[in-house]
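Listed below, chain by chain, are the residues.
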Amino acid sequence: MFNGRKCGQKVTPIVEKIKELLIGSSVVNFDETGVRVEGSTQWVHNSSNAKYTYLTVNKKRGQEGIEDNGVIQNIGGTAVHDCWGAYWKFKDILHAVCCAHLLRELIANIENNPTHLWTERFKTLLITMKTAKEKAIEQGKTTLSENLIKVLGKEYDEIMAYANMECPPPDKIEPKKRGKKKKGKERALIDRLIKLKDSVCLFIHNFLVPFDNNQAERDLRNVKTKAKVSGCFRTKAGAQTYLKITSYLSTAKKHGINAFEALALAFKGETEKVLI
């Protein structure tokens, strides 16, 4: 019979090693998902890349929960994530935006504002940048040409200028009302794209940075499946044990070791072998 608590104890040292290896990585993906723990919604925070997975749980979704995970504030490389505001509170790192999330927002805006042409142009630009990088990699290149990067950057700025004409910023203060006027989703997206240009385009400047954050989403899939099947974790300790084991098994899989082999190594005290 499988003893989850004992397995969690066995894998704890290697899970801490996985965390250290992620901190030392050049690119790390981040995401979070809600789960029911002890009768309330808590948040599983994921730090991962193609080699390692590290999952923790916290009552908070935002900065407190992300900090408790312990990876993002210590990395010396690039954090890949969506535009959730809490991630931007970490200033001393490079940030890369998940462009797949942006594409979904752009498609929604095309449906809601079909007469605004900037959205389709920006969608095309993102796909063009992605394709250019993929072709360069196929040709054995590690960078795009400086000229192509300049052309793509210029197109980005021109589209944003056009977006400002099609959907101009609201007046700072509404007549007879205090505070700022609400922007609306389209204007908020435009402002974000202007402000975060470097982070949106980072994937074409650094080929180690992915176009999207699919890695993090895949590494949370088992957690979401678990939540659908069993509904909740009765205790936080149980959730933490599950996430340690999941971190270990996910990392083992990334190194070509299936779950049965990885568990056998854990109970033999040979967890380090999953990293070889």
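The structure under discussion appears in the preceding block.
Definitions and cut-offs
Residues numbered from 1 in each chain as written. Predicted model: local features only at pLDDT ≥ 70, side-chain atom pairs only at ≥ 80, totals over all residues. Heavy atoms only, no water. Buried < 20%, exposed > 50% of the residue type's maximum accessible area, 1.4 Å probe, protein only. Helix = DSSP H or I, 4+ residues; strand = E, 2+ residues; numbered from the N terminus. Pairing = 2+ DSSP bridges. Lys, Arg positive; Asp, Glu negative; His and termini not counted. Salt bridge = Lys/Arg side-chain N within 4 Å of Asp/Glu carboxyl O. Arc of directions from axis to C-beta. Contact = heavy atoms within 4.5 Å.

Examining the pairing of strand 4 (residues 78-81)
- What you see with strand 4 is no split at all: Thr 78 and Val 80 on one side and Ala 79 and His 81 on the other are buried throughout.
- Bridge count between strand 1 (residues 27-37) and strand 4: three bridges; the pairing is parallel. Directly across from Val 27, in strand 4, lies its bridge partner Thr 78.
- Pairing of strand 4 with strand 5 (residues 94-97) involves four bridges; the strand directions are parallel. Counterpart to Ala 79 in the pairing with strand 5 is His 95.

Comments concerning the side chain of Asp 31
- Summarising the element assignment, Asp 31 is placed in strand 1.
- Here Asp 31 sits buried without a salt bridge, and the closest side chain of opposite charge, Lys 224, lies 5.6 Å off (N-O distance).

What about the pattern of salt bridges?
- Evaluated as defined, the whole model comprises nine salt bridges.
- Across the pair Lys 197 and Asp 157 runs a salt bridge, and its minimum N-O distance is 3.0 Å. On the criterion of sequence distance, the pair formed by Lys 197 in helix 7 (residues 197-205) and Asp 157 in helix 5 (residues 146-166) is long-range, its members being 40 residues apart.
- Residue classification places Lys 197 among the partly exposed positions, given a relative accessible area of 22%.
- Among the residues examined, Asp 157 registers a relative accessible area of 41% and is labelled partly exposed.
- Taking the shortest distance from any N to any O, the salt bridge between Lys 254 and Asp 219 comes out at 2.9 Å. Highlighted residues: Lys 254 in helix 10 (residues 236-254) and Asp 219 in helix 8 (residues 214-219), separated in sequence by 35 residues.
- Judged by relative accessible area, which is 9%, Asp 219 ranks as buried.

Side note on helix 6 (residues 185-195)
- Regarding helix 6, the residues found buried are Glu 186, Arg 187, Leu 189, Ile 190 and Leu 193. Along the long axis of helix 6, the arc covered by the buried residues comes to 160°, so they all point the same way. Structural note: helix 6 exposes Lys 185 and Lys 195 on the side pointing more than 90 degrees away from its buried face.
- Of the surrounding elements, those touching the buried residues of helix 6 are helix 3 (99-112), helix 4 (118-138), helix 5 and helix 7.

Read these as layout, nothing more, since geometry by itself doesn't imply function.
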